[in-house]
Amino acid sequence: MERGEARMAVDTSDQTAVAAEISGENLAIVEAQQLRRTFGATVAVDDVSFEIRRGEILGFLGPNGAGKSTTLRMITGLLAPDQGSARICGVEISEDPLKARQHFGYLPEAIPLYGEMEVAEYLRFVGKSRGLEGTALDQAMDRITDRLGLGPMLRRRCDTLSKGYRQRVGLAQALIHDPDVVILDEPTNGLDPRQIIEVRQLIRELAEERAVIFSTHILQEIAAICTRIIVIHSGKLIADKTPEELSDFSSSHWEVVVAGDGLSQQLCVGHGLAEGVAGAPGETVHRWLSESTPDLSTLARQIEESGSKLIRVGRSRETLEQVYLRLTGGQGGQR
Amino acid sequence: MKSIMTVTRRECGSYFGTPIAWIFIAMQIAILSFFFFQFSPFFVIESADMRVWFGLTPFMLMVFAPAVTMRLWSEELRTGSTEVLLSLPIRVQDLVVGKWLAAVIVLVASVVCSFGIPATIAWLAASPVDWGPIIGGYLGTLLSGMMFLALGCWVSALSHNQVISLLVGVFVGIILVLVLSPDFAAYLSGTYPALSRVVESFGVQSHFRAIERGVLAISDVVYFLSGSLFFLALTVFQVELKRQ
């Protein structure tokens, strides 16, 4: 009897798993496995693997030239990987590219539109190319026009649009077929602060019913909206974490802050402290060289005896910026 | 088929929505009409034919076809819109054929616009007009035009610079029309008869003249259609190469 009950319990959990699979909750929408791509002697992307599920916003973070765009272009099938594979909604992009392409919308960094076309014409062209027609196309046009506030711009030629509207039309073409995953390459590049906030809000809304992958070299962006962060540097994946995990990933250390020019050499050596470095104006910061818990009461007494003024002592944590710089070898800018 | 039509419609909108197609049609007709009325024996011996018109056609197409097609891929490569285009669920073959068909429609429009010439001939002619060579000439224009436009599509996919695409297109056109010409074949026939036959069979003019005489031989039709297919296949290959 007990065995029977146990058996039933297993069956129920199996059914739940199958139901979740069918509803797409557990299914990875994008699976990239060991992607590698070289251009001549340069290795642009090396052994990059990741997965993304519905509801996730995955941020690709890395300095310019780190391999973000190359990775995105391999996922979208625009570039064939030398090794590895990419699957979108279970469809291998190299085996059935047309079916795989139905599942995603892609906005390249340059936002290329056809200048001589009107916005409505352009969006209808993309919609038709994606197999929408008749009422379905009209409904998709209405939905996307409303969502992105493109109503007043529909009759405008694409080459007369401002940067902000170009961006919206680019997003509209990526969203018109209501894809399972939206892939955006540097979507906030060149926008003003208000437009950046709008795009971030839109990305959040989009992820409610689908997955979003976007690349950026702006750290605040990642911290502001991503549910997961992938850090790429010199073509290699060096971190795949949630923003919280990445914060935990930041190392911390004991430090003591004193007023004036810092502690005497004798005191530093005695307590295993590094030489002082300038902190806030009029303050000097000494870091502990070892990770062992320092003898704080003795140190505090000795500092007072030496005539210095103790301002603060405690653990200091790296900011996300410092983690990023450390992970990318101190290179935050152009390679 | 549906996706080919979607691409063709977009490209046609681009051709006829901007001055490109109209300039092509107007210039082609103006230049051909000038030579036709100026140098043909039309008014002198009252010949009711269009031999001068169709004699010039291969040379016109040699220059104008790459001018029409140069933007088809070069422009997309320059702006990066191929990134969006190639991420759409459309086969590359369909993209290539769709774009080429749009250029063919521009050619058909220019042919239709020139119907005023044979209408004038028919109206002025004292004796009944021999329609065979005229219909043959138009057929030859369409068939050879299709091949020149396919050639133009291919060179357009080679470079993101439209001027380079145009120059390479005209250069290959010159080889097909002027180098592989019947005159050159005749020059070679004495010393290298085999080579002469090769020049004759690969040159545009010999096939065009055969059709223009009003004799529609399968071999000439096959030449132009397989030539078109060959250049379209090269275009597909070239576009697929962008993924590599």
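Residues numbered from 1 in each chain as written. Chains lettered and ligands numbered in written order. Predicted model: local features only at pLDDT ≥ 70, side-chain atom pairs only at ≥ 80, totals over all residues.

## Quick word on the overall build of chain B
No. 1: The secondary structure content of chain B amounts to 12 helices and zero strands.
No. 2: Listing each helix as α and each strand as β along chain B from the N terminus yields α-α-α-α-α-α-α-α-α-α-α-α.
No. 3: In terms of overall size, chain B behaves like a compact globule, its C-alpha atoms giving a radius of gyration of 19 Å where 244 residues would be expected to give roughly 18 Å.
No. 4: Principal-axis analysis of the C-alpha atoms places the extent of chain B at approximately 60 × 45 × 30 Å.
No. 5: A burial count over chain B gives 43% of its 244 residues as buried. (Helix = DSSP H or I, 4+ residues; strand = E, 2+ residues; numbered from the N terminus. Rg over C-alpha atoms; globule rule 2.2 N^0.38 Å. Buried ≥ 20, exposed ≤ 12 C-beta atoms within 10 Å, placed from the backbone.)

## Considering the overall build of chain A
No. 1: Counting its secondary structure elements, chain A contains 12 helices and 14 strands.
No. 2: Expressed as a percentage of its 335 residues, the buried residues of chain A come to 38%.
No. 3: When contacts within chain A are restricted to residue pairs at least 6 apart in sequence, those whose partners lie at least 24 apart make up 68%. (Contact = placed C-beta atoms within 7 Å.)

## Notes on the pairing of strand S4 (residues 83-88) of chain A
All names here are of chain A.
No. 1: Sheet topology note: the strand S1 (residues 28-39)/S4 ladder contains five bridges and is antiparallel. Bridge assignment links valine 30 to a residue of S4, and that residue is isoleucine 88.
No. 2: Alignment of S4 against strand S5 (residues 91-92), held across two bridges, turns out to be antiparallel. Within S5, the residue paired with isoleucine 88 across the bridge is valine 91.
No. 3: Hairpin connection, S4 to S5: the antiparallel pair is bridged by two residues, and cysteine 89 has positive phi, about 50 degrees. (Pairing = 2+ DSSP bridges.)

## Remarks on the confidence of the model for chain B
When pLDDT is low, close inspection of the predicted coordinates is not appropriate.
All names here are of chain B.
No. 1: Across chain B, the average pLDDT comes to 88, with 96% of residues at 70 or higher.
No. 2: Mean pLDDT across the secondary structure elements of chain B bottoms out at helix H9 (residues 182-189), with 82, and peaks at helix H5 (residues 92-113), with 95.
No. 3: Our summary of model confidence lists the complex with pTM equal to 0.82 and ipTM equal to 0.88. (pLDDT = per-residue confidence, 0-100.)

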